[in-house]
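The primary structure of each chain is shown beneath.
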Amino acid sequence: LVKALKVVIDQGFSIYVVLTGKLENSKIASKYVKENNLKRYIIETGDVSEEELYSLHKYAAATVVTSLFEGGLPWPALEGLFMDTPVIVPQIPVVVERLQSVGFNLHNCGLRLFEPLDYNKLASEIIYSLRNRESIVTKQKPIKEVLLSYTWDDVAKQYYEIIANKVLKS
């Protein structure tokens, strides 16, 4: 993310990255930021309330997720979708799997995807999002509706079906 930030800034954009974590928790990122004089473009909030977190998403130019592994679609992506913010996610197996599980693919999901560790591609997705915010949000609406309509009742029904099928087979 910090390498992509540098590319975006070097291309003349004035942006800030807001981190709810601490940069110092990553020695590699901290070193890169210091060596490239990027600290002034990074806002570290530390822990925030749920209300503050959703406000950050709402007013962000984009929600950028850089996770290399997750247990499903990363929570920040869902939070960004909920708040109608362009979502940029890595094209990692669990993201692809989650998209497919709800009837979408990399081309029709509306999310902006990038190859993990390709900071130039991430930078281009950030720039695209800065220039095309409203059209991205519009393209994300179908997946937003599907993903955010999933309820705890749906989860309970799926668990019930799995357990019932195992019991019936034994």
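Our structure is the block above this text.
These lines cover the structure that appears in this document, whether it is placed above or below.

About the cut-offs
Residues numbered from 1 in each chain as written. Predicted model: local features only at pLDDT ≥ 70, side-chain atom pairs only at ≥ 80, totals over all residues. Heavy atoms only, no water. Helix = DSSP H or I, 4+ residues; strand = E, 2+ residues; numbered from the N terminus. Buried < 20%, exposed > 50% of the residue type's maximum accessible area, 1.4 Å probe, protein only. Contact = heavy atoms within 4.5 Å. Areas by Shrake-Rupley, 256 points an atom, 1.4 Å probe, with all protein chains shown as cover. Lys, Arg positive; Asp, Glu negative; His and termini not counted. Charge placed at Lys NZ, Arg CZ, Asp CG, Glu CD. 1 Å grid on protein atoms, 1.4 Å probe; cavity = no way out; pocket = protein on both sides within 12 Å on 5 of 7 lines; lining within 4 Å. Points joined across faces, edges and corners; volume = space filled by probe spheres on them. Nonpolar A, V, L, I, M, F, W, Y, C, P; charged D, E, K, R; others polar.

1. What about the overall build of the protein?
So, step 1. Within the protein, the regular secondary structure consists of 8 helices and 5 strands.
So, step 2. Taken from the N to the C terminus, the helices and strands of the protein come in the order α-β-α-β-α-β-α-β-α-β-α-α-α.
So, step 3. For the C-alpha atoms alone, the extent of the protein along its principal axes is close to 65 × 35 × 30 Å.
So, step 4. Within the protein, the fraction of its 170 residues that count as buried is 35%.
So, step 5. Taking as baseline every contact in the protein between residues at least 6 positions apart, the subset at least 24 positions apart corresponds to 68%.
So, step 6. Accessible surface, the protein: about 10,900 Å² in total, of which carbon and sulfur atoms supply 55%.
So, step 7. The averaged location of the 20 negative side-chain charges in the protein is 6 Å from the averaged location of its 20 positive side-chain charges.

2. Here's the deal with the layout of surface pockets
So, step 1. The computed volume of the largest pocket comes to approximately 1,500 Å³.
So, step 2. Looking at the largest pocket, it is lined by 43 residues, and the ones nearest its centre are Leu1, Val17, Leu19, Val64 and Thr66.
So, step 3. Of the residues assigned to the lining of the largest pocket, the class counts are 31 nonpolar, 7 polar and 5 charged.
So, step 4. Here the second largest pocket is characterised by a volume of approximately 630 Å³.
So, step 5. Trp75, Leu78, Arg98, Leu147 and Tyr150 are, among the 20 residues lining the second largest pocket, the residues nearest its centre.
So, step 6. For the lining of the second largest pocket, the class distribution of residues is 13 nonpolar, 4 polar and 3 charged.

The values are spatial; any link to function lies outside them.
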